[in-house]
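These are the residues of each chain, in order.
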Amino acid sequence: MGTEFKTRFSWEIDNFSDIKKSIRSGPYLSGSGCQWFLELYPKGYCVSDHVSLRLSAYNPKSLRLGWKRRVNFLYVFLNQSGEELYRSNVESCRDLFFCAEVTGRIFSRTSPLNKLQEEGFLKENKLTIKFNIEVTQVVHQGKSTENDIFEFYGVQILASQGLSMAKVCGNHPCFEDFNPKTKEMRAVYFTIFFCLIETLRKSPQSLSVTELRNAQNQFTELTKAGFKLDFLKSKLKEASSACQVQNLPEEWVKNVKVTVSDLQAKLGKVRKEKIRRAAASSVLSFGFMRIIIKKFFLSCFSV
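Residues numbered from 1 in each chain as written. Predicted model: local features only at pLDDT ≥ 70, side-chain atom pairs only at ≥ 80, totals over all residues. Heavy atoms only, no water.

Going by what an unreviewed UniProt entry lists, the protein is known as MATH domain and coiled-coil domain-containing protein At2g42465 and is assigned to Camelina sativa.

What follows is the structure, given as structure tokens:
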């Protein structure tokens, strides 16, 4: 384990407004045995109104098992004349954790995109990013890091969960309209979001009524807060249907399992039409099933 001090770098990007997809810088060596690179998203990452930036370890597979780095990262956007366009927030870039499971960290909301697109604001269409990397912890080799804890959108999660959570956020820009007033409120809502994701990853048949009810409440609260969760609607609906079947009252289940042949043997030919209707009723909604079965059995034993 060791400590590295600040290393300064610069990345110049020409024809910024012509860039449609993300672009990467070359590798930068910080002296900690780990190289770094930047990736710029001119159209935003999980947002569409800000430029996004990612800091990542370069060729992490070349590092040893159990490697770790903790980094303070500061960056500034400048135009051709050296005028400052945007400066990163110190707190959001402090003590960033990197390991085999967490090889990159994204900063979704940097400079507002409309500012950079204003005529004359970005002189000669050239953007320069100056940044400092301060490596505060270096572990070259050690135990697996999958159970290490790190902060992701203000929430403490396992390193092993980092990649899957990042993919969810990357593939579904679901919190573009979410703009909390405080950092604490942001952490609360993202905790709810990650809990909902973890719940809906389970097998629908394994969910309890309580888990399903919590998931439905979480979905509602997040939607009200500005999360766009259309991609979870089908999963929630599937879980709801499976949970309803799984948790039917025991007497309902017993009645549904009564076969047509069993009823025929008991009631004879006179009851065939009623039996046929009862069998057909099993495909109806569960709200009507109880009433139909109850009426059917009352009529059968009233003879």
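**Brief notes about the overall build of the protein**
Keep this limit in mind: A run of DSSP states H or I qualifies as a helix once it reaches four residues; a run of E qualifies as a strand once it reaches two. Both are numbered from the N-terminal end. For each residue, the accessible area found with a 1.4 Å probe, counting protein chains only, is set against the maximum for its type, and the residue is called buried under 20%, exposed over 50%, and partly exposed in between. We call two residues in contact when some of their heavy atoms are within 4.5 Å. Values of accessible area rely on a 1.4 Å probe in the Shrake-Rupley scheme; residue burial ignores everything except the protein chains shown.
Along its length, the protein carries nine helices and 12 strands. With 303 residues in all, the protein has 41% of them scored as buried. Looking at the protein alone, contacts between residues at least 24 apart form 67% of all its contacts between residues at least 6 apart. Surface exposure of the protein reaches about 17500 Å², of which carbon and sulfur atoms provide 51%.

**What about the packing of helix α3 (residues 183-200) against helix α4 (residues 209-225)?**
As a reminder, the rule being used: Think of each axis as a best-fit line through the C-alpha atoms, taken over the contacting stretch in the case of a helix, with angles from 0 to 180 degrees between the N-to-C directions. Oblique is the label for any angle not under 35 degrees, not over 145, and not in the 65 to 115 range, which are roughly parallel, roughly antiparallel and roughly perpendicular in turn. Helix crossings fall into two classes, left-handed where the near helix is turned counterclockwise from the far one by less than a right angle and right-handed where it is turned clockwise. In this classification, Asp, Glu, Lys and Arg are treated as charged, Ala, Val, Leu, Ile, Met, Phe, Trp, Tyr, Cys and Pro as nonpolar, and every other residue, Gly included, as polar.
With their axes 10 Å apart at the nearest point, α3 and α4 run at an angle of 135° to one another. Taken together, the axes of α3 and α4 lie oblique to each other. The handedness of the crossing between α3 and α4 comes out as left-handed. Contacts between α3 and α4 pair Y189, I192, F193, C195, L196 and T199 from the former with E211, A215, Q218, F219, E221, L222 and A225 from the latter. Residue classes in the contact of α3 with α4 are distributed as nine nonpolar, two polar and two charged.

**Let's talk about the environment of R186**
Here R186 is to be found in helix α3. Owing to a relative accessible area of 26%, R186 belongs among the partly exposed residues under this scheme. In sequence terms R186 and V155 are 31 residues apart; their C-alpha atoms lie 9.0 Å from each other. Apart from residues lying up to four places away in sequence, R186 is in contact with Y153, F178 and P180.

**Some thoughts on the pattern of salt bridges**
So the rule is basically this: Should a side-chain nitrogen of Lys or Arg be within 4 Å of a carboxyl oxygen of Asp or Glu, the pair is scored as a salt bridge.
This model, assessed by the stated rule, comprises 13 salt bridges. Put simply, D49 and R109 hold a salt bridge, and the shortest N to O gap is 3.5 Å. In this pair, D49 sits in the loop between β4 (35-41) and β5 (52-58) while R109 sits in the loop between β9 (104-107) and α1 (113-117), placing the two residues 60 residues apart along the sequence. For R109, a relative accessible area of 32% translates into the label partly exposed. Notably, a salt bridge pairs D148 with K68, separated by 2.9 Å at the nearest N-O pair.

**Digging into the environment of K6**
Looking at the secondary structure, you find K6 in the segment before β1 (7-13). Taking relative accessible area as the criterion, K6 reaches 49% and is therefore assigned partly exposed. For the pair K6 and N72, spaced 66 residues apart in sequence, the C-alpha to C-alpha distance is 8.6 Å. Excluding anything up to four places from it in sequence, K6 contacts N132, I133 and E134.

**Some remarks on α4**
The cut-off we apply is this: Take the residue count of a helix, subtract one, and multiply by 1.5 Å to get its expected span. The arc in question is traced by the directions running from the helix axis to the C-beta atoms.
Its 17 residues give α4 an end-to-end C-alpha distance of 24 Å, which sits within 8% of 24 Å, the value for a rise of 1.5 Å per residue. If you check which residues of α4 are buried, you get L212, A215, Q218, F219 and L222. Here the buried residues of α4 occupy an arc of 120° about the axis, which is enough to place them on one side. Note on α4: the residue one or two positions beyond its end, G226, has a positive phi of about 115°.

**Observations regarding the packing of aromatic side chains**
Rule in force here: Only centres within 6.5 Å qualify two rings of Phe, Tyr or Trp (six-membered ring in Trp) as a pair; their planes then separate them into stacked at under 30 degrees, edge-to-face at over 60, and tilted for everything else.
What the rule picks out here adds up to 19 aromatic pairs. Between the aromatic rings of W36 and F98, the centroid separation amounts to 4.9 Å while the plane-to-plane angle is 70°, which identifies the pairing as edge-to-face. One end of the pair, W36, is in strand β4; the other, F98, is in strand β8 (residues 96-99), and 62 residues separate them in sequence. You'll find W36 and F98 in the same group, each marked buried. Between the aromatic rings of F77 and Y86, the centroid separation amounts to 5.9 Å while the plane-to-plane angle is 55°, which identifies the pairing as tilted. Of the residues examined, F77 reaches a relative accessible area of 0% and is grouped as buried. Taken together through their ring pairs, the aromatic side chains of F9, Y28, F73, Y75, F77, Y86, F107 and F131 make up a single cluster.

**Some details on the nonpolar core**
What counts, and what does not: Side-chain atoms within 4.5 Å link the members of a nonpolar core, which is a set of buried Ala, Val, Leu, Ile, Met, Phe, Trp, Tyr and Cys residues.
Core analysis: the biggest nonpolar cluster contains 36 residues, and F175, F190, F193, F194, F227 and L229 have the highest contact counts within it. Only β8, β11 (149-152), β12 (155-158), α2 (159-171), α3, α4 and α5 (230-246) provide two or more residues apiece to this core. The leading source of residues in this core is α3, at seven residues. Core analysis: the second largest hydrophobic core is formed by 35 residues, W11, L63, F98 and F131 among them.

**Some points on α3**
Spanning 18 residues, α3 covers 26 Å between terminal C-alpha atoms, matching the ideal 26 Å at 1.5 Å per step. Those residues of α3 not exposed but buried are A187, Y189, F190, F193, F194, L196, I197, T199 and L200.

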